[in-house]
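# Breakdown of the fold
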Amino acid sequence: LFHFNHGPSCLGLFKAAQRYVAPVQLFFLGGQRQMKNVPCRVLSVDRTGVTLSCPGRYPAGSLVRERCSAYFKLPPEAYARLSGLNCERACEGFLCQTRIMDSRLQGSGHSLLRLRLPRQWCQRELRHYKRHRITPACLEHIALWLPVAGLPKALPAPDTASFSSPGKPSCLSLVDLSVAGAMIQLDAVELTDELANMDVKHVLLALNLRTADTPRTRYLAIFCRCVESLYNIPLRRLVLRLAFCHFREGEEMDWQPCTAGIAPLADWLERGHPVLA
């Protein structure tokens, strides 16, 4: 599901988005801002950056150095002109991270945003599965091991987790959950070497999910790939967006995404979560 820099460059993709007038969804990664999914239009592209037109009034310099993600889809006819793309995946979009280098008012309630040209992209469906917000009543225990280089011979003991809740340190929380991924949050943490540059790294997530028949729980240990890591400096908060995957052994050992989702988790989200939430 994830292909980094396999195929056309980011320059070629954004030029195609401009040519086919493909809307670009921009959302900010800083915790201070609540704006998400701002629809933009590509005005120009060069080797240093991308200029977007978007609704909203962002005065000059107001968004400089702001981290953001851009997501857009290309029509099927674009796949015939861009080498390295699979036509069977035309329904998926392109996601990349960058920073806003400049902002200025355009008039009529619009602004111009200048983005630094991203260096990497991944192709995926941004909202393939519904995300469910998890309340404390749904979760008895959560643990996180990071990073995971390969498939361990046995699952590690709970007390060896890098973070857990309840536990020490108890800064770990599960924000939302789907059958194919999760978003977790670490509060009051310093951005150490272990936590920096988590993108594309693999972790192990263990969940003790409560069932309707309390005190029974359903234990799930799931390997995940970190799709996106966001750190808020003032709040000392790290948010990780994880995609579930499994380790395929053979001549070419590799991590494979769980595109169909985790079956026991799908059953719990359908039967247990509505009752507990």
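Refer to the structure printed above.
Residues numbered from 1 in each chain as written. Predicted model: local features only at pLDDT ≥ 70, side-chain atom pairs only at ≥ 80, totals over all residues. Heavy atoms only, no water.

## Looking at unusual backbone geometry
Where the residue is not glycine, phi is negative for most of them; where a peptide bond is considered, it is trans in most cases. Here is the rule we go by: Helix and strand labels come from DSSP, where a helix needs a run of H or I of at least four residues and a strand needs a run of E of at least two; each type is numbered from the N terminus.
That bond from leucine 146 to proline 147 is cis: its omega, -25 degrees, falls within 30 degrees of zero. Inspection of the secondary structure assignment puts proline 147 in the loop between strand S9 (139–145) and strand S10 (163–165). In the segment running from serine 165 into proline 166, the intervening peptide bond is cis, with an omega of 0 degrees. Along the polypeptide, proline 166 turns up in the loop between S10 and strand S11 (172–177). The backbone phi angle of valine 21 is positive, close to 50 degrees, even though this residue is not glycine. Following the sequence through the fold, valine 21 ends up in the loop between helix H1 (10–19) and strand S1 (24–28).

## Section: a positive patch on the surface
Cut-off, in case you're wondering: For patches, a residue must show more than 30% relative accessible area and have no salt bridge; joins then use 9 Å for like charges and 5 Å for nonpolar side chains, namely Val, Leu, Ile, Met, Phe, Trp and Tyr. Areas reported here follow the Shrake-Rupley algorithm with a probe of radius 1.4 Å; residue values treat only the protein chains shown as occluding. For this document, the term salt bridge refers to a Lys or Arg side-chain nitrogen within 4 Å of an Asp or Glu carboxyl oxygen. When charges are tallied, Lys and Arg are placed among the positive residues and Asp and Glu among the negative ones, while His and the ends of the chain are skipped. All charge positions are set by atom: Lys at NZ, Arg at CZ, Asp at CG, Glu at CD.
Judged by side-chain charge, Lys15, Arg19, Arg47 and Arg81 come together as a positively charged surface patch. With respect to the element layout, lysine 15 can be found in helix H1.

## Observations regarding the packing of aromatic side chains
The cut-off we apply is this: For Phe, Tyr and Trp, rings pair up if their centres lie within 6.5 Å, where Trp contributes its six-membered ring, and each pair is then called stacked (planes under 30 degrees apart), edge-to-face (over 60) or tilted (otherwise). Here the term buried applies to any residue with accessible area under 20% of the maximum for its type, exposed to any over 50%, and partly exposed to those in between, with areas from a 1.4 Å probe on protein chains only.
Scanning all chains against the criterion turns up four aromatic pairs. Plain terms: the ring middles of phenylalanine 72 and phenylalanine 94 are 5.8 Å apart, the flat faces sit at 35 degrees to each other, and that makes the pair tilted. Of the two residues, phenylalanine 72 is situated in strand S4 (residues 66–72) and phenylalanine 94 in strand S5 (residues 93–107); the sequence distance between them amounts to 22 residues. Judged on exposure class, the residue phenylalanine 72 and its partner phenylalanine 94 are both buried. When the ring of phenylalanine 94 is compared with that of tryptophan 121, the centres are 5.4 Å apart and the planes differ by 75 degrees; the resulting orientation is edge-to-face. Of this pair, phenylalanine 94 sits in strand S5 while tryptophan 121 sits in the loop between strand S6 (110–116) and strand S7 (122–124), placing them 27 residues apart in sequence. Residue phenylalanine 94 is classed as buried on the basis of its relative accessible area, which comes to 1%. Taking relative accessible area as the criterion, tryptophan 121 reaches 2% and is therefore assigned buried. Counting every residue linked through ring pairs, the aromatic cluster contains Phe14, Phe72, Tyr79, Phe94 and Trp121.

## Section: the pattern of salt bridges
What the rule picks out here adds up to eight salt bridges. A salt bridge links arginine 89 to glutamate 92; its shortest N-O distance comes to 2.8 Å. With respect to burial, arginine 89 and glutamate 92 carry one shared label: buried. Counted as one network, the salt bridges with shared partners bring together Arg218, Asp267 and Arg271.

## Focus on the pairing of S4
Counted only if it meets this: Any two strands between which DSSP finds at least two bridges are classified as paired.
Burial analysis of S4 places six of its seven residues in the buried class, which makes it a mostly covered element. One ladder, built from five bridges, connects S1 with S4; its direction is antiparallel. Paired with phenylalanine 28 across the bridge in S4 is cysteine 68. Bridge count between S4 and S5: seven bridges; the pairing is antiparallel. In the strand pairing of S5, cysteine 68 is matched with threonine 98.

## Concerning the pairing of strand S3 (residues 49–55)
With six of seven residues buried, S3 is to be regarded as a mostly interior element. Following strand S2 (residues 38–45), the chain reverses through three residues before pairing antiparallel with S3. Across seven bridges, the pairing between S3 and S6 is antiparallel. What sits directly across from leucine 52, in S6, is leucine 113.

## Observations concerning the side chain of serine 103
What counts here: Each polar contact in these results corresponds to two N or O atoms within 3.5 Å; when the atoms are within protein, one needs to be able to donate a hydrogen and the other to accept it, and residues that are neighboring in sequence are counted only if both atoms are side-chain atoms. In this description, contact between two residues means that some pair of their heavy atoms is separated by no more than 4.5 Å.
Take serine 103: it is sitting in strand S5. Side-chain polar atoms of serine 103 contact the backbone nitrogen of leucine 63, separated by 3.5 Å. In this view, serine 103 contacts Tyr58, Pro59, Ala60, Gly61, Ser62, Leu63, Leu112 and Leu113; residues no more than four positions away in its chain are not counted.

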